[in-house]
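Listed below, chain by chain, are the residues.
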Amino acid sequence: MANVAVIGAQWGDEGKGKVVDWLASRAEIVVRFQGGHNAGHTLVVGNQTYKLSLLPSGLVRGKLGIIGNGVVVDPEALLAEIARVEAQGLRVTPENLRIAENVTLILPLHGAIDRAREAARGARQIGTTGRGIGPAYEDKVARRAIRLADLAEPETVVAKLDELLLHHNTLLAGLGAPVFEKQALFDALMALAPKVLPFAEPVWERLDQARRDGTRILFEGAQAVMLDVDHGTYPFVTSSNTVAATAAAGSGLGPAAVGFVLGIAKAYSTRVGAGPFPTELTDATGQLLGDRGHEFGTVTGRRRRCGWFDAVLVRQAVKVGGIQGIALTKLDVLDGLPELRICTGYRIGGELFRRLPAAPGAQAAAVPEYEVMEGWSGSTQGARSWAELPAQAVKYVRRIEELTEAPVTLLSTSPERDDTILVRDPFEG
Ligand code: IMP
């Protein structure tokens, strides 16, 4: 029996919510280990639709949710999200939610900096969610961040606010944005303290115990490998490491605890925000994929860019992300297309690449080489066995396995949780 880590293998929004929800029902503990409330997971349980950004998905299945130290937590956003799900009938208390005491906090000034910097970038915008994720991680590595446990020590908060404001107010003033006042920030944090501190604990101890007891742990990744701050399409990335290795460091466990790594990939590609997207389709087919796939961001509401499946990128994500099996989602969106394309390489300045190079100029210049496949006329929607799939759809999946060098261990054929073909149980390792 293994623990399981779920990560996105493309640019996010691969349908992790459904897969994580499906796996969460078979785990005891669900851990978020990176990112913040920039993520968006939609879960449909009975007649309720939960939209989660920061809370671990397992909470809606009655599991223990843990927010690990690798996450950045906006306490106001956390309390608002708790209030939202409580209005839907779910109870969130320190009984079912624990937060690492050493987690970094997102303050209102981080969102302000994020948005002011984006505005100043003009045409070179990254398209961030504007929620302060990047600035909070910057403060963490700069060793001036306020962490959850600090809220129990007002004098620590005061000292850190001095350092934070010296840095950020200078920048905000330079950008022509309103600056922050220390007393107001301090008062707001002290008002939040009694509401969030009851959730704080050294989660590494609890997780270590769980690991030794053989309790099943599910590590819930946010964003995806191509948005990883090191391995993604830098600088058009998020500010955390999204690869599976982060599940260990981001929750306070050793690498052996992570277990099986499941990468989620859509049967085509999408991306929100700016940045290179070699297989992007700006024609009617791209429009069709977006319409059929309901490709609108959960957090931003922005329409997602759509394109063909990029086997070069997913293969790269498999390697750097440590992915051992792929959960392929939204195959049904391709139903009825006469012809499909899979990217198998890039032409850059006359040279053929089987990987995406790191330099932004080369990434922007990458022209995809496609393998063309015949589509299928039947429906894959709701299929629960390989036998129910059109032969050509099976061929498409098999080709994805060959090109990405990873087995498809799970195939999701509709938004319904049970419309899933399981090839291999990830918890069996
Ligand atoms: P940030 O994470 O808000 O700094 O945004 C950086 C980039 O990551 C932008 O292109 C966002 O659109 C993208 N991004 C962040 N979170 C998600 C997500 O959950 N799904 C898809 N894209 C995301």
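Owing to the predicted nature of the structure, the values given are computational and were not obtained by experimental measurement. (Residues numbered from 1 in each chain as written. Predicted model: local features only at pLDDT ≥ 70, side-chain atom pairs only at ≥ 80, totals over all residues. Heavy atoms only, no water.)

K.L.:
Whenever I open this one, the domain arrangement of the protein chain confuses me. Can you help?
P.N.:
Frequently, the measure chosen for interface size is the accessible area removed from exposure when the parts meet. In terms of domains, the protein chain is made up of domain 1 (4–100 + 199–260), domain 2 (104–196) and domain 3 (266–428). A separation of 24 Å is found between the C-alpha centroids of domain 1 and domain 3. Counting from both sides, the interface comprises 40 residues of domain 1 and, opposite them, 46 residues of domain 3. A combined buried area of about 3,300 Å² lies between domain 1 and domain 3, and 64% of that area is made up of carbon and sulfur atoms. Its largest share of buried area at the contact with domain 3, domain 1 owes to W11, K18 and F260, together 25% of the area lost on that side. For the pair domain 1 and domain 3, the number of links is 13 residue pairs in polar contact (both at pLDDT 80 or more). (Domains from an automatic or database assignment. Contact = heavy atoms within 4.5 Å. Buried area = accessible area lost by both parts, 1.4 Å probe. Polar contact = N/O pair within 3.5 Å; in protein donor to acceptor, adjacent residues only side chain to side chain.)

K.L.:
In this structure, what is going on with the pattern of salt bridges? I would like to understand it.
P.N.:
Oppositely charged side chains can form a pair if their charged atoms are brought close together. In the structure shown here, the tally under the stated rule is 28 salt bridges. In this structure, R61 and D21 form a salt bridge, with 2.6 Å as the shortest nitrogen-oxygen distance. A residue pair is termed long-range when its members are at least 10 positions apart, and R61 in the loop between strand 4 (48–52) and strand 5 (64–67) and D21 in helix 1 (residues 16–24) qualify at 40 residues. We classify R61 as partly exposed; its relative accessible area is 23%. With a relative accessible area of 2%, D21 lands in the buried category. Among the charged side chains, a salt-bridge network with shared partners connects D13, K266, E295, R304 and K330. (Salt bridge = Lys/Arg side-chain N within 4 Å of Asp/Glu carboxyl O. Helix = DSSP H or I, 4+ residues; strand = E, 2+ residues; numbered from the N terminus. Buried < 20%, exposed > 50% of the residue type's maximum accessible area, 1.4 Å probe, protein only.)

K.L.:
What is the right way to read the site of the ligand from this model?
P.N.:
In the region of the ligand, 16 residues are neighbours, and D13, N38, G127, T129 and T238 sit closest. For the ligand, an oxygen atom lies 2.9 Å from a polar atom in the side chain of N38. Protein coverage of the free-state accessible area of the ligand, which is 470 Å², stands at 96%. Looking at the shell around the ligand residue by residue, the class counts come to six nonpolar, eight polar and two charged. (Near = heavy atom within 4 Å. Areas by Shrake-Rupley, 256 points an atom, 1.4 Å probe, with all protein chains shown as cover. Nonpolar A, V, L, I, M, F, W, Y, C, P; charged D, E, K, R; others polar.)

K.L.:
What should I look at first to understand helix 3 (residues 108–121) in this one?
P.N.:
A turn of α-helix holds 3.6 residues, and therefore any two residues three or four places apart point the same way. Under the 1.5 Å per step criterion, the end-to-end length of helix 3 is 20 Å for 14 residues, consistent within 8% with the ideal 20 Å. Within the span of helix 3, buried status applies to L109, H110, G111, A112, I113, D114, A116 and E118. Its buried side turned inward, helix 3 meets strand 8 (104–105), helix 4 (133–141), helix 5 (154–174) and helix 6 (182–196). A positive phi of about 55° marks G122, the residue just after helix 3. (Expected span 1.5 Å × (residues − 1).)

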